[in-house]
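Descriptive analysis of the structure
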Amino acid sequence: MKNNADDRMEQEAEKLVNTYGDMLYRICTVTLCSATDAEDAVQNTLIKCLHRNRPFRSPEHQKAWLIRAAISSCRDFRREEKNNVPLCIEQDLAPGIPEEQWDILQSVLALPAIYKTVLLLYYLYGYKTGEIATILRIRPATVRKRLQYGRELLKLEYEKEESL
């Protein structure tokens, strides 16, 4: 028989999945380019959240913590990979992005992780630099520099393509 603690844990898990599941799945799928790995990363993230002993200060704090934990979980999956899986994007993972902008998104996904993460959080998910700094636990100035360098890398890539 289930006890009250099990019922509460189950309700909390369901609430987390309903509130944050889609967002976490999109972040993990875009990062890992594998639906099964993304599902595992999301599951690991949610389990960490359920076993967290300290309460969150606010829903925003919880969301930021979940995003940070999901990115960390994806990083762990990447470390374990023996072969580098090509990056991909599908329309259902980037809602609202017109098809003609998918090439740009593919170019962003090909960037090194430190630039890709801030660019995705800034442009795709609409976070401000201060919020990204909090999520990634870095200074806002670092976020701005990574956005700048990421944009410069994209510009160089497109200039290179245009010259061909």
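Below, the structure is looked at part by part. (Residues numbered from 1 in each chain as written. Predicted model: local features only at pLDDT ≥ 70, side-chain atom pairs only at ≥ 80, totals over all residues. Heavy atoms only, no water.)

1. Focus on helix α4 (residues 102-109)
For clarity, the threshold we go by: Burial classes follow relative accessibility: with a 1.4 Å probe on protein chains only, a residue under 20% of its type's maximum area counts as buried, one over 50% as exposed, and anything between as partly exposed. Counting from the N terminus, the helices are DSSP H or I runs at least four residues long and the strands are E runs at least two residues long. Working rule for contacts: check all heavy atoms of both residues, and any pair within 4.5 Å makes them a contact.
Three or more residues of α4 are buried, namely Trp102, Leu105, Ser107, Val108 and Leu109. Turning to α4, the residues buried within the fold contact α1 (4-32), α5 (113-124) and α7 (140-163).

2. Focus: the packing of aromatic side chains
This is how it is decided: Stacked, edge-to-face and tilted labels apply to pairs of Phe, Tyr and Trp rings (six-membered ring for Trp) whose centres lie within 6.5 Å, assigned for plane angles under 30 degrees, over 60, and everything in between, in that order.
As enumerated under the stated definition, the model contains three aromatic pairs in all. Ring geometry for Tyr122 versus Tyr123: centroids 4.8 Å apart, planes at 85 degrees, classification edge-to-face. Among the residues examined, Tyr123 registers a relative accessible area of 51% and is labelled exposed.

3. Description of the packing of helix α6 (residues 129-136) against α7
Relative placement of two packed helices is described by the angle separating their axes and the distance separating the axes. Our working definition: Lines fitted to C-alpha atoms define the axes here, with helix axes fitted over just the stretch in contact, and angles between the N-to-C directions of these axes take values from 0 to 180 degrees. Orientation categories follow fixed angle ranges, with anything under 35 degrees roughly parallel, anything over 145 roughly antiparallel, 65 to 115 roughly perpendicular, and all other angles oblique. Residues were grouped as follows: Ala, Val, Leu, Ile, Met, Phe, Trp, Tyr, Cys and Pro as nonpolar; Asp, Glu, Lys and Arg as charged; and all remaining residues, including Gly, as polar.
One can describe the packing of α6 onto α7 by two numbers: an axis separation of 8 Å at closest approach and a directional angle of 105 degrees. Considering the angle they form, α6 stands roughly perpendicular to α7. In contact with Thr129, Ile132 and Ala133 of α6, α7 contributes Pro140, Val143, Arg144 and Leu147. When the residues that make up the contact of α6 with α7 are grouped by side-chain class, the tally is five nonpolar, one polar and one charged.

4. Quick notes on the pattern of salt bridges
Let me state the cut-off plainly: Within this document, salt bridges are pairs made up of a side-chain nitrogen of Lys or Arg and a carboxyl oxygen of Asp or Glu, the two lying within 4 Å of each other.
Scanning the model with the defined rule gives one salt bridge in all. The closest approach of N and O atoms between Lys160 and Glu157, which form a salt bridge, is 3.9 Å. With a gap of three residues between them, Lys160 and Glu157 both fall in helix α7, about one helical turn apart. Judged by relative accessible area, which is 29%, Glu157 ranks as partly exposed.

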